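# Summary of structural features
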There are 4 protein chains.
Amino acid sequence: MKRPARRTLPLHLEPASGAAWRARWFHIIFGHDDPPGRRFDVILILVILSSIAVTVLDTVAELRAGWNIAFYVLEWLFTLAFTAEFVLRLMVVKRPGRYVFSFFGMVDLLAVLPTYLSLFVVGSQYLVVIRALRVLRIFRILKLTQYVGEADILWATLLRARHKILIFISTILTLVLIFGALMYLIEGPGNGFTSIPRSMYWAIVTMTTVGFGDITPHTPLGQFVTSIIMLVGYSIIAVPTGIFAAELAAEMRAKQGVYCPACGLGEHAGDARFCRGCGAALKR
Amino acid sequence: MKRPARRTLPLHLEPASGAAWRARWFHIIFGHDDPPGRRFDVILILVILSSIAVTVLDTVAELRAGWNIAFYVLEWLFTLAFTAEFVLRLMVVKRPGRYVFSFFGMVDLLAVLPTYLSLFVVGSQYLVVIRALRVLRIFRILKLTQYVGEADILWATLLRARHKILIFISTILTLVLIFGALMYLIEGPGNGFTSIPRSMYWAIVTMTTVGFGDITPHTPLGQFVTSIIMLVGYSIIAVPTGIFAAELAAEMRAKQGVYCPACGLGEHAGDARFCRGCGAALKR
Amino acid sequence: MKRPARRTLPLHLEPASGAAWRARWFHIIFGHDDPPGRRFDVILILVILSSIAVTVLDTVAELRAGWNIAFYVLEWLFTLAFTAEFVLRLMVVKRPGRYVFSFFGMVDLLAVLPTYLSLFVVGSQYLVVIRALRVLRIFRILKLTQYVGEADILWATLLRARHKILIFISTILTLVLIFGALMYLIEGPGNGFTSIPRSMYWAIVTMTTVGFGDITPHTPLGQFVTSIIMLVGYSIIAVPTGIFAAELAAEMRAKQGVYCPACGLGEHAGDARFCRGCGAALKR
Amino acid sequence: MKRPARRTLPLHLEPASGAAWRARWFHIIFGHDDPPGRRFDVILILVILSSIAVTVLDTVAELRAGWNIAFYVLEWLFTLAFTAEFVLRLMVVKRPGRYVFSFFGMVDLLAVLPTYLSLFVVGSQYLVVIRALRVLRIFRILKLTQYVGEADILWATLLRARHKILIFISTILTLVLIFGALMYLIEGPGNGFTSIPRSMYWAIVTMTTVGFGDITPHTPLGQFVTSIIMLVGYSIIAVPTGIFAAELAAEMRAKQGVYCPACGLGEHAGDARFCRGCGAALKR
C-alpha cells in the first residue's frame, strides 16, 4: 500500500531581487502569515466575490433595466483593479514566467481576459465567472494544514482510483452508445429520438437518473428497454460510490499507521500507548 | 484518531427553589423517568402532532370549506395551551434564561409565536409547523441511551467529516457557477435560461439528478454540455457517500466497547487483548 | 459486536399424523429435497408466474379486446387451483393454524382472496399480484444455504442499523414538513403548491431527487429555497448509504472471525493456517 | 473468504501452422507487444471509432442532407475492411472455431453483420454501433497489467456480491409489480396509468429516482402512495451501493500483495509479518 508522496500545495515562489518595496509587496501579496498579508487576502476575496455578484446580477433583466450603467462601470473597475494586481504580481515575483504558468497564475490571467474580449465578442464578459476559481485561494488564507491534509486525502483517493474510474467511464459511454442507437431504432424520430446523438443525450439523462422528461419513450417496447436502462443506471450508481468509499477507507487506514515494534500489528487507535495484540509499548 | 468528547444531551436544568409545587411540576414537565413525567410527555407529543395536523389540513381547500371555524378555534386553543406550558416551564425552572436560550427553549418559544404573529401578518400561522421540532423530544422520552449513542455516532461522523464536506461544497458551488454561466451563454434567454441565477438553479437541478424538466437545453451544444454536467454530477454523488461511509466505518470500529479493568479506558479495537492505555490484559 | 442469533428460515412444520397419503403429500408440498418435492415446487412457481402474467396482461386494452373471456376463465382456473392447493396444505399439515398464521400461510391465503372479492368489489382482482410474494419460495427451492446466509447478512445489517435508520427517517420527515410549509408560503396556490400536503408531496419528490416536474417553483425566492432543498436531499443520500455500507462491512468482518490462540489477533484471511501477527498455528 | 481463481484475460490463441506469413500476421493482428502489433492495434481502434462516428452522424438530418452518399460509401468501405480483417483473423489462427466463439470473436462477427443485413432490413445498419465493444480491445493494447488487475478486482467483487444482488433484484421487481398494480387501481387509466405494464414502467421510473414526469399521480391518495414509493426507492439506493462498497473493501484488503519468500503465497493482510500458509517470516 505504497502511497505516492504527493502535495497539492502550489509551487514555491521567491521575491524578485532588487528594490526593497518588491520584497515587501511580495510578502503582502503572496504571503498569508502576517497581518498585512492576511488583510490583503481578505480584501481580495471580497472584491472577487463582489465582481462575480455584479456579473451574475447583470444578467437579471429586472436589475439590468435600472442598473445597466452602474454594472458596466463596476465591471470595468473590477477588471482594471485585477489587471493592476496581476501586473504587480508579475513585478514582485522573481521568475514571472513560472508564476504565469502555475495554476493560480493561469486563473489570475483568465480572470481579466473576458472583459477585454467583450470589446470584440459580445457576451464573452460572462466568462469572468472563472474568477470563482480565484476564490479557491481561500484555503491558503485559512492556512489550515488540516484542510490541505484533507484535500490531499481526497485527491490521493481519486488518484488511486483513477484506473477503476477510467474502466467505469468507458463502460458507461459504451452503454450510452448502444442503448442510444437501440432507442433510436425502436422509437424513431416521430417520438423525439431524432438522431443517435440526441438519443445518446437522452440515454445519459436517463442513466444518470436525472430524467428531464423532455424526451420520453412512447412505444411499449421502448418503455421496456427504458426500464432496463434505468435499472442498469441505478445499479451502476453503486460502482463509483463503492470504489470511492473503499479507496477512501483504505487511504484513511493507511494514514493512521503505527506498527507494534514487538509483533508488528498495525491499525492501533490514535491514543494507543501499548500494542493491543501483545501489550508491548508502542513508539510514536 | 482523537475524538472530541462531545455530547448531544441537553444541558442540565435544575428546579427552582422555593415552593414545593415547583419541584413537583419540574419533575413532571422536565423529567422522563417516572410515570407522571412520562404521561406528561406522551400527552404533549400527541397534542403537538394534533396541532401540526390541524395546520396542515387547514391548507386543503376541500377541508377548509367546511371546517374553517373549527380549525381556527383549535389552532388558538393549541397555541394558548402551549403558551401556558411555556410559562409554566419558565416558572418551575431555576434559571429561566438558561432554559429559554437552550435549543428546546428556543423551539418551544418559536412554536407559539407564529399564531400571534398571524394577527398582524397574514399567512404566518403556517410557520407553526416548526412545532415538528418539538417532537424531537420523543427521543428523550424513549429514554433509549441506545438512541442517544447512535445519534452521537452519526453526529461525530459528520463533525469529523466537516472539513471534507466543506471542500466538497465549495467545489460544487464553483462548478454550479461556471456551468450556469456557460449554459446561459450557449442556450440564452430564448431557451429558458433567462439569467445566470436561473441558469445556476437549473445547474443545481441537473447536478443533483433531480431533473424537473421545467428548463431543458435545446441546442446540440447545450445538450452536449448538459451531458457532461450530468456525468460530473453523477460521479460526484460518490464523493459525499464515500466520505460518510468511510468515516462512519472508522467511527464504528473505534466505538465497539470493551473497557479496561485496570484503568477503565474503553473503545478498544475488536481484536485487542491488552489495554492500549495501560497495557493491562482485557477481559472478554 | 454481539449479533442476535436470528434466522429467516420459516418455522418448522410437521406432517399431520394419520393416513399415509398425508405424510406423502406433506413431503411433496412442503419438502424441497427429493425429486417429487422439487417437481411440485417448480410447477407451482410456473403456475404462479403464469397467473401473474394473465392478471397483468388483462389490463392492457389491446389484449383485453380479443382475449377478454380467455383471461377471465384462466384467472378463475388459477384461483381454483390455488384454493385446492391451499386446502390440501391445511389437510396435510399437523397444526393448520400455525401454518395459516405463518408468513407464507398468510401470503397463500391472500393470493386467492382477491378473485373471490372481485365478485363483490369491481377491480379488486388486480390485487392478486400479491401472488408475487409466493414466488419468494424460489429461494427455498434453490435450497442454497448460500442464499439463506446472504439474506441473513442483509437482514442482520438492516436490524443492526435500525436505530440509525429511524433517526434518519424522523429527520427526513421533519425536513419535508418544514420545507413543504415554507414553499407553500413562498409559492402559493397560484404556482401549483395548492396545500401543505401537496407541498410535502413535492418536497419528497424533490428531496429524493425524483423530480417529476409536475409542480415546479416559479418565483426567484422559491427557486433559491428549492436549490437548498435539493442540495440537502443530495447530501442526505450519503447518510443511509454510508450507514448501510459501514454496517455491512462490520457484519462481513464479524462473519469471518478466527482468532489466534497465541496472540488473539483476528481478521485472518479465509485460507490462513498461521497467525499473521505471531506465526502460531490457527485452529479451525 | 475463499476467492475463485478467475481471470478475465481472453483465452490463449495459437498461430496456425504452415506458411510463415501466417505466423507473422498472427503476431501483427493478435500480438500487442512489438511495434508492428501495436501499430496495427492503434490503426484498428481509429478505424473503428471513425466507423462509429459515421454511423452516428448519419442519423443527424442536417448532416445526412449533404453527406448522404459519402456516409453510405464510407459505411460500406469500413464494413468491407472489417470483413477482410475478420477473414484474415480466421486464416492465421490455429483453431478458427475457438476464436469465433470467444467473446471478441463474436463481437468481431457481429460488428460486420448489420451492414449486410441492412440490404434486407431497413434501419438495421444502425446496429453497427455494437462495434463499440471492439474498442474494449484498447485495454489489451495499453497492455497495462494494472488495468487487467483493476478490472479483475471489479469483476471479482461483482461475482462475490452476485447472491446479494440477485436477492436485491428480486425484491425490486416484486415491489415494482405490487406498487404498479396498486397505482393502477388508485389512479386508473384516466390519469395515465392505462395498464399494469405501463404502471410498472412508471414504478421503475419513480423508484430509480429518474422521474421523467410523463406520467404523474393526480389523486391525493396516489400522491401519498407515490411518496412512500419514492422514499422506499431512495432508501433502496443504499443497498447495492453498500453491498458493492463493502465487498470491494474486502476484496481490496485481501489483494494487497506481499509474497511469501518460502512458499510464494501472496495476498497477505497489510499487517502480516508471517506467511499465513507456511508460517515463514515475510520480508517488507
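Right above here is the structure, for reference.
A brief structural summary.

## Structural notes on the overall build of chain A
Counting its regular elements, chain A contains 11 helices and zero strands. Secondary structure elements of chain A occur, N-terminal to C-terminal, as α-α-α-α-α-α-α-α-α-α-α. A fraction of 57% describes how many contacts in chain A between residues 6 or more apart in sequence connect residues 24 or more apart. Carbon and sulfur atoms form 70% of the exposed surface of chain A, whose accessible area is close to 13100 Å².

## Considerations on the relation of the copies chain A and chain D
One copy of the chain maps onto the other through a rotation about an axis followed by a shift along the same axis. Under the fitted operation, chain A is carried onto chain D by 0.0 Å of movement along the axis and a turn of 90°, and the coordinates agree to an RMSD of 0.1 Å. In the structure described here, the two chain copies are related by an operation that fits a four-fold rotation axis. Interface overlap between copies: only 14% of the residues of chain A at the interface are likewise at the interface in chain D, consistent with a contact formed by different surfaces.

## Observations regarding the nonpolar core
The biggest cluster of nonpolar side chains holds 128 residues, and the ones touching the most others in it are W202 of chain A, W202 of chain B, W202 of chain C together with W202 of chain D. Setting aside its immediate chain neighbours within four residues, W202 of chain A contacts M183, F193, I215, T216, P217, T226 and I229 of chain A together with F212 of chain D.

## Brief notes about helix 5 (residues 103–110) of chain D
Because each turn of an α-helix spans 3.6 residues, side chains separated by three or four positions in sequence point in the same direction. All names here are of chain D. For helix 5, the full list of buried residues reads F104, G105, V107 and D108. Take helix 5 and look down its axis: the buried residues cluster within an arc of 165°, on one side only. Its side-chain oxygen at 3.2 Å from the backbone nitrogen of G105, S102 defines the N-terminal cap of helix 5.

## Some words on the pattern of salt bridges
Residue and element names in this part refer to chain D. A full pass over the atoms with the stated rule returns eight salt bridges over all chains. Salt-bridge contacts for R89 lead to D108; the nearest nitrogen and oxygen are separated by 3.8 Å. Here R89, found in helix 3 (residues 61–92), pairs with D108, found in helix 5; they are 19 residues apart in sequence, far enough to count as distant. On the basis of relative accessibility, which here comes to 1%, the residue R89 falls in the buried class.

## Examining the interface of chain A and chain D
Each partner contributes to the interface: chain A provides 50 residues, whereas chain D provides 47 residues. Counting each side, the surface lost to burial between chain A and chain D is near 4100 Å², with a carbon and sulfur contribution of 73%. Between chain A and chain D we count zero salt bridges in total. Elements that contribute at least two residues to the side of chain A that touches chain D include exactly helix 9 (162–187), helix 10 (196–207) and helix 11 (220–255) of chain A. Take the side of chain A that touches chain D: its biggest share by element is 16 residues, from helix 11 of chain A.

## Description of the environment of I153 of chain B
For I153 of chain B, the position within the fold is in helix 8 (residues 145–160). Taking the C-alpha atoms as reference, I153 of chain B lies 7.7 Å from L248 of chain B; in sequence the two are 95 residues apart.

Cut-offs and rules
- Residues numbered from 1 in each chain as written.
- Chains lettered and ligands numbered in written order.
- Predicted model: local features only at pLDDT ≥ 70, side-chain atom pairs only at ≥ 80, totals over all residues.
- Heavy atoms only, no water.
- Helix = DSSP H or I, 4+ residues; strand = E, 2+ residues; numbered from the N terminus.
- Contact = heavy atoms within 4.5 Å.
- Areas by Shrake-Rupley, 256 points an atom, 1.4 Å probe, with all protein chains shown as cover.
- Least-squares fit on C-alpha atoms with pLDDT ≥ 70 in both.
- Core = buried A, V, L, I, M, F, W, Y, C linked by side-chain atoms within 4.5 Å.
- Buried < 20%, exposed > 50% of the residue type's maximum accessible area, 1.4 Å probe, protein only.
- Arc of directions from axis to C-beta.
- Polar contact = N/O pair within 3.5 Å; in protein donor to acceptor, adjacent residues only side chain to side chain.
- Salt bridge = Lys/Arg side-chain N within 4 Å of Asp/Glu carboxyl O.
- Buried area = accessible area lost by both parts, 1.4 Å probe.

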